Amino acid sequence: MTLTEDLNITCGEKVADAYEETFDLFSHDHTLSDLGMLDAKAHEIELTVGGQDFLIAQSPGALQSGRKEGTTGAAVWQSSVRAAEWLAHPENVLFTSGLLTGESLVLELGSGISALVPCILARRVRQVVATDQQHVLKLLQQNVDKNLQTHETGIRKKFAEHSQHGVQALALDWEEDDIPKQLSANDLGTGVDVVLACDTLYNYALIEPFVQTCVEICRPRQAHREQTANDMRPTACVIVQQLRQAEVFEQWLETALRHFDVWRIPNDSLSDGLREGSGFSVHICVLKM
């Protein structure tokens, strides 16, 4: 069965119209009235996700720095917490559908500093490549190293020690970098299984470079499949978004639909923090042939 056939079964019909999808999502009451940042002033945040305790270092100073590259990646956001909780669930639909397996290679765009999603996924997939701009990587790597460690013994300890090698932090700037060159230079030239992005689209200027980056990350797998007649599945993009501005969301979807087939993950396949009324949505995008 092809990926498209699987997604039609898992998610239902593809999204056909950006306006209708936007209207449907934004017609529900949303529970979040703020931007979605956990605590902009804290230097450390403690929380438990998927049964795992995290201690996450933040950089409140960086949030106030006015850095031209942006500062949003210097804090922990609700989107990452909710996505990590969803991904940690034993019956997560990405795993039960076979979209993700223990051998999957996942690339996260706009990881920020929290390392929540990479650390959760490292327990369940072969490798996670966590990407963001260069100035974010030091704190991201620090949080990865800290939160992949465990004091447990026996099998779980051996697994956790092995997982230390399952997360790679990589600089990737959507607007500045040559994406194919960066992928090839980091042994990702034949593509990845899944691209994951949490709350990376919050203004109009990010839409075109983000979608184009997704296209360029998906193309190597498509090309590899065509050249080798390999039956490996195409790359899928999983996009988690906080529903802030309907106009930004609609423009993203219009842009995405030019290049991708798009499905919305239905309520019964999401955790409570991502369902209708939560103020969040999750879509899967597959590059058109």
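Right, let's walk through the structure included here. (Residues numbered from 1 in each chain as written. Predicted model: local features only at pLDDT ≥ 70, side-chain atom pairs only at ≥ 80, totals over all residues. Heavy atoms only, no water.)

## Describing empty space enclosed by the protein
- Using the criterion set out here, one finds three cavities of 30 Å³ or more in the structure.
- The wall of the largest cavity is formed by Phe210, Val211, Cys214, Cys237, Ile239, Trp252, Ala256, Phe260 and Cys285.
- For the lining of the largest cavity, the secondary-structure elements that each account for two or more residues are α10 (207-228), β7 (236-242) and α11 (246-259).
- By residue number, the principal contributor to the lining of the largest cavity is α10, which donates three residues.
- Residues of the lining of the largest cavity, tallied by class, amount to nine nonpolar, no polar and no charged. (1 Å grid on protein atoms, 1.4 Å probe; cavity = no way out; pocket = protein on both sides within 12 Å on 5 of 7 lines; lining within 4 Å. Points joined across faces, edges and corners; volume = space filled by probe spheres on them. Helix = DSSP H or I, 4+ residues; strand = E, 2+ residues; numbered from the N terminus. Nonpolar A, V, L, I, M, F, W, Y, C, P; charged D, E, K, R; others polar.)

## Observations regarding the nonpolar core
- Membership of the largest hydrophobic core comes to 56 residues, with the highest contact counts inside it found for Trp86, Leu94, Leu116, Leu121, Val238, Ile265 and Ile284.
- Excluding its chain neighbours within four sequence positions, the residues that come into contact with isoleucine 284 are Leu7, Cys11, Leu94, Leu99, Ala236, Cys237, Val238, Asp261, Val262, Trp263 and Ile265.
- One finds Leu25, Leu107, Ile217 and Leu287 within the second-largest nonpolar core, a separate group that totals 38 residues. (Core = buried A, V, L, I, M, F, W, Y, C linked by side-chain atoms within 4.5 Å. Buried < 20%, exposed > 50% of the residue type's maximum accessible area, 1.4 Å probe, protein only. Contact = heavy atoms within 4.5 Å.)

## Comments concerning the pairing of strand β6 (residues 194-198)
- Within β6, five of the five residues are buried, which leaves it mostly tucked inside the rest of the structure.
- Both faces of β6 are covered, namely the face carrying Val194, Leu196 and Cys198 and the face carrying Val195 and Ala197.
- One ladder, built from four bridges, connects strand β3 (residues 105-109) with β6; its direction is parallel. Bridging from a neighbouring strand, leucine 107 pairs with valine 195 of β6.
- Bridging between β6 and β7 involves five bridges; their strand directions are parallel. Among the inter-strand pairings, valine 194 is bridged to a residue of β7, identified as alanine 236.
- For the crossover that starts at β6, traverses α10 and ends in the parallel β7, the hand is right-handed. (Pairing = 2+ DSSP bridges. Right-handed = clockwise from strand over helix to strand, strands pointing away.)

## Some words on the environment of aspartate 53
- Along the chain, aspartate 53 falls in strand β2 (residues 52-57).
- Classification of aspartate 53 by relative accessible area gives exposed; the value is 59%.
- Expressed as a C-alpha distance, the spacing of aspartate 53 and asparagine 147, which sit 94 residues apart in the sequence, is 7.9 Å.
- Not counting residues up to four positions away in its chain, the partners in contact with aspartate 53 are Leu47, Thr48 and Asn147.
- Here the side chain of aspartate 53 touches threonine 48 through a polar contact of 2.7 Å, side chain to side chain. (Polar contact = N/O pair within 3.5 Å; in protein donor to acceptor, adjacent residues only side chain to side chain.)

## Quick word on the pattern of salt bridges
- Across all of its chains, the model carries 10 salt bridges by this definition.
- Here glutamate 208 and arginine 258 are joined by a salt bridge, their closest N and O atoms 3.5 Å apart. Within this pair, whereas glutamate 208 is found in helix α10, its partner arginine 258 is found in helix α11, the two being separated by 50 residues in sequence.
- In the salt-bridge network here, residues are joined through shared partners; they are Glu21, Asp24, Arg264 and Glu276. (Salt bridge = Lys/Arg side-chain N within 4 Å of Asp/Glu carboxyl O.)

## Some words on helix α7 (residues 137-147)
- Of all the residues in α7, the buried ones are Leu137, Leu139, Leu140, Asn143, Val144 and Asn147. Around the axis of α7, the buried residues are gathered within 165 degrees of arc, so they sit on the same side.
- Buried residues belonging to α7 abut β2, α6 (116-121), β4 (127-132) and β5 (167-171). (Arc of directions from axis to C-beta.)

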